[in-house]
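Take a look at the letters that make up each chain.
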Amino acid sequence: MDPGDSDRSRRRISREFQGLPGRGELWFSPRPASGFPGDRRSTDVQEASPLLEDLRQRLTRAFQWAIQRRASRRAQEAAAVAALEEQSRARKEITLAGQRAKLVEMHFQNHQLARTLLDLNMKVQQLKKECELGFTSDSQSQKDNTANSK
């Protein structure tokens, strides 16, 4: 068997299946809408025309329904996504409000601690003065006692 035999065999098979979908060629050639004069097929096409029109209308409705359904599904998905985003935003707002409340409480506690610290500082200063006065009065009285005892 030489290489030319394979090519001839392929052409022969292609011619045998020509016109069959999926065999030999992808599409078969369209038939004329009206046949030759006296051909019986021309009346078949005219009779099939209402059937073809009905089929076309059904297919059109089916495609329109599918498109509307897909659009409706997309709208529902968009609404669901929007609802989830709104819930997420609401949770974030609640969390922020809680953090703000904690921050205000911490600010109030900071002021209380600062006042307490200032009060303690004033008391320490008073005690210092009292101690200094006590030491000076004690030392003065000791000098007076030593001077009086002489």
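Residues numbered from 1 in each chain as written. Predicted model: local features only at pLDDT ≥ 70, side-chain atom pairs only at ≥ 80, totals over all residues. Heavy atoms only, no water.

A. Structural detail: the pattern of salt bridges. Under the criterion given, the structure shown has three salt bridges. Arg56 is the salt-bridge partner of Glu53, the closest N and O atoms lying 2.4 Å from each other. Within this pair, Glu53 and its partner Arg56 are both found in helix H2 (residues 41-149), separated by three residues, close to a single helical turn. We classify Glu53 as partly exposed; its relative accessible area is 32%. Judged by its relative accessible area of 46%, Arg56 is partly exposed. The partner of Glu86 in a salt bridge is Arg89, with the nearest N and O atoms 2.7 Å apart. Of this pair, Glu86 and Arg89 both sit in helix H2, three residues apart, which is roughly one turn of that helix. In this structure Arg89 comes out as partly exposed when scored by relative accessible area, which is 45%. (Salt bridge = Lys/Arg side-chain N within 4 Å of Asp/Glu carboxyl O. Helix = DSSP H or I, 4+ residues; strand = E, 2+ residues; numbered from the N terminus. Buried < 20%, exposed > 50% of the residue type's maximum accessible area, 1.4 Å probe, protein only.)

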